[in-house]
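For reference, the chains in residue letters:
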Amino acid sequence: MRLSAMGDVAMTVPVLRAFVKQYPTVKITVISRPFFKPFFEGIPNLDFFAFDEKARHKGFLGLLRLYFDVKKLKIDAFADLHNVLRSKVVSLLFALSGKKRATVDKGREGKKELTRAENKVFEQLPSMFARHAKVFEELGFRINLSNPEFPKKAVLSAEITDLIGENYQNLIGIAPFAQYDSKVYPLDLMQEVIAKLAENKDYTILLFGGGKKEIEILDSLSEPFKNVINVAGKIKFQQELKLISNLDVMLSMDSGNAHIAAMLGVKVVTLWGATHPYAGFLPFNQSLENALISDRNLYPQLPTSVYGNKIVEGYEDAMRTISSKKVFKRIQALL
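Report on the accompanying structure. Every value quoted in this text rests on a predicted model; they were computed, and no experiment measured them. Position numbers for residues start from 1 in each chain and track the written sequence from start to end. Owing to the predicted nature of the model, reporting of local features is limited to residues with pLDDT of at least 70; listing and counting of side-chain atom pairs is limited to 80 or more, with chain, interface and lining totals taken over all residues. With hydrogens and water excluded, all non-hydrogen atoms of the structure serve as input to the side-chain values.

1. Structural notes on the overall build of the protein chain
Threshold: A run of H or I in DSSP counts as a helix once it spans at least four residues, and a run of E counts as a strand once it spans at least two, with each numbered from the N terminus. Radius of gyration here uses only the C-alpha atoms, and the compact-globule reference equals 2.2 Å multiplied by the residue count raised to the power 0.38. We call a residue buried when its accessible area falls under 20% of the maximum for its residue type, exposed when it is over 50%, and partly exposed in between, using a 1.4 Å probe and counting protein chains only. All accessibility values rest on the Shrake-Rupley procedure with a 1.4 Å probe; residue burial counts only the protein chains present in the view. His residues and chain termini do not enter the charge count, which takes Lys and Arg as positive and Asp and Glu as negative. A charged residue contributes its charge at one atom only: NZ of Lys, CZ of Arg, CG of Asp or CD of Glu.
Counting its secondary structure elements, the protein chain contains 11 helices and 10 strands. Taking 20 Å as the expected radius of gyration for a compact globule of 335 residues, we find that the protein chain reaches 21 Å, a close match to that expectation. Counting only C-alpha atoms and orienting by the principal axes, one finds that the protein chain spans roughly 60 × 55 × 40 Å. Across the 335 residues of the protein chain, 50% fall into the buried class. Of the roughly 16,400 Å² of accessible surface on the protein chain, 51% is carried by carbon and sulfur atoms. A distance of 7 Å separates the average location of the 46 positive side-chain charges in the protein chain from that of its 36 negative side-chain charges.

Right, dumping it as structure tokens:
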């Protein structure tokens, strides 16, 4: 398997957990960037193969090397859960050597119909989890995703408890950023949500993000409150995963953090701007009730994009139609 962005990789984890539970005699090797290895730790019968995109596996010759490296593992079938040029090349090489292969159908046509401005077909598309499961079904392994099992809450190190305190009761995570601005909740409204949550001294609110600019913003959001802590840049990614596994609820945009929390069995409230859960990216095992969506009566062209990378004039303030009060109430309902 070849995967890319954080959310894409996180969305494969619940499917693989279900697979190894239902087929305990089958061994899986996941091929992905070394950064994502912690996602798969603790999953039985699963090995991780690090894809070296900068050196050994770079370019077409690198993909040939990747094929021969993986071939040594004596695999019987190849599941392409990414469906991009690189994964297609490796998949084809395995097919030519007589191995079974299956590729994820990303449903590009349906997504185009959902996001176009005219003659929009506004209906729920299959989730990415269902699409991933279908790949394995094509290889002869039908997977049932209806009774998921999640890892236990991780034991927090002294370094983490020093940061967040030891006497926390309700841990609320907030990840206020996304790759594209059209998916980011307005900062002033996010401040209102945080201020309202911080009024309850039994709540500990943890802010997640990365990069210098984001860390500065998170510092300014946390500064006025004793029970709001910016954890960005203060712990390693692996520790961050352990911390997320201990959350009672995560508030996130339509972004990788939502999928990471969901793969760890955490309740997730998601906020949607230019995008919409109907495209198939509602986090795993979460209800539509927890996906708060911009007002389509006021902004009838929504969703305007699958990933949030398309800018539509006049739609910059669509997320302001999700009130901070509504966000606060939804989080409170889950605690």
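There is more to say, and it comes next.
2. Brief notes about the sheet that holds strand β7 (residues 228-230)
Whenever strands of a sheet pair, they do so through backbone hydrogen bonds, lying parallel or antiparallel. Rule in force here: Pairs of strands are assigned from DSSP output, requiring at least two bridges between the strands. Orientation is described by lines fitted to C-alpha atoms, with helices fitted over the stretch in contact, and by angles between N-to-C directions that extend from 0 to 180 degrees. Two residues qualify as a contact provided that any one of their heavy atoms is within 4.5 Å of a heavy atom in the partner residue.
Ordered in space as β7-β6-β5-β8-β9-β10, the six strands form an open sheet in which the pairing is parallel. The open sheet has two edge strands, β7 and β10 (291-293), and neither has a second partner. The average undirected angle you get between the axes of adjacent strands in this sheet is 20 degrees. As judged from the three bridges shared by strand β9 (residues 267-272) and β10, these two strands associate in the parallel manner. Note on β10: the bridge partner recorded for W272 is I293. Its contacts with the sheet place helix α8 (residues 212-222) against β6 (203-207) and β7, and it is angled at close to 165 degrees to β7. Against the sheet, helix α11 (residues 324-334) makes contact with β5 (170-175), β6, β8 (249-253), β9 and β10, and its axis sits at roughly 165 degrees relative to β9, the strand it touches most.

3. Comments concerning the pattern of salt bridges
So the rule is basically this: Criterion for a salt bridge: a side-chain nitrogen of Lys or Arg within 4 Å of a carboxyl oxygen of Asp or Glu.
Per the counting criterion, the structure on display carries 12 salt bridges. The partner of E53 in a salt bridge is R86, and the shortest N-O contact between them spans 3.7 Å. Placement of E53 in the loop between β2 (46-50) and α2 (59-71) and of R86 in helix α3 (residues 85-96) is noted, with a sequence separation of 33 residues between them. Of the residues examined, E53 reaches a relative accessible area of 24% and is grouped as partly exposed. One salt bridge connects D317 with R320, and the closest N-O pair in it is separated by 3.9 Å. According to the relative accessible area criterion, D317 is partly exposed, its value standing at 45%. Exposure remark for R320: the relative accessible area of 40% places this residue in the partly exposed category.

4. Things to note about the packing of helix α1 (residues 6-22) against helix α10 (residues 256-263)
So the rule is basically this: The cut-offs work like this: below 35 degrees is roughly parallel, past 145 is roughly antiparallel, 65 to 115 is roughly perpendicular, and the gaps in between are oblique. By definition, any crossing whose near helix is turned counterclockwise from its far helix by less than a right angle is left-handed, and any crossing with a clockwise turn is right-handed. Only Asp, Glu, Lys and Arg are considered charged, only Ala, Val, Leu, Ile, Met, Phe, Trp, Tyr, Cys and Pro nonpolar, and every remaining residue, Gly among them, polar.
Closest axis-to-axis distance for the α1/α10 pair is 8 Å, and the angle between their directions is 20 degrees. The angle between α1 and α10 falls in the class roughly parallel. Read as a crossing pair, α1 and α10 show a hand that is left-handed. Seen from α1, the contacting residues are M6, G7, A10, M11, V13 and P14; seen from α10, they are G256, H259, I260 and M263. When the residues that make up the contact of α1 with α10 are grouped by side-chain class, the tally is seven nonpolar, three polar and no charged.

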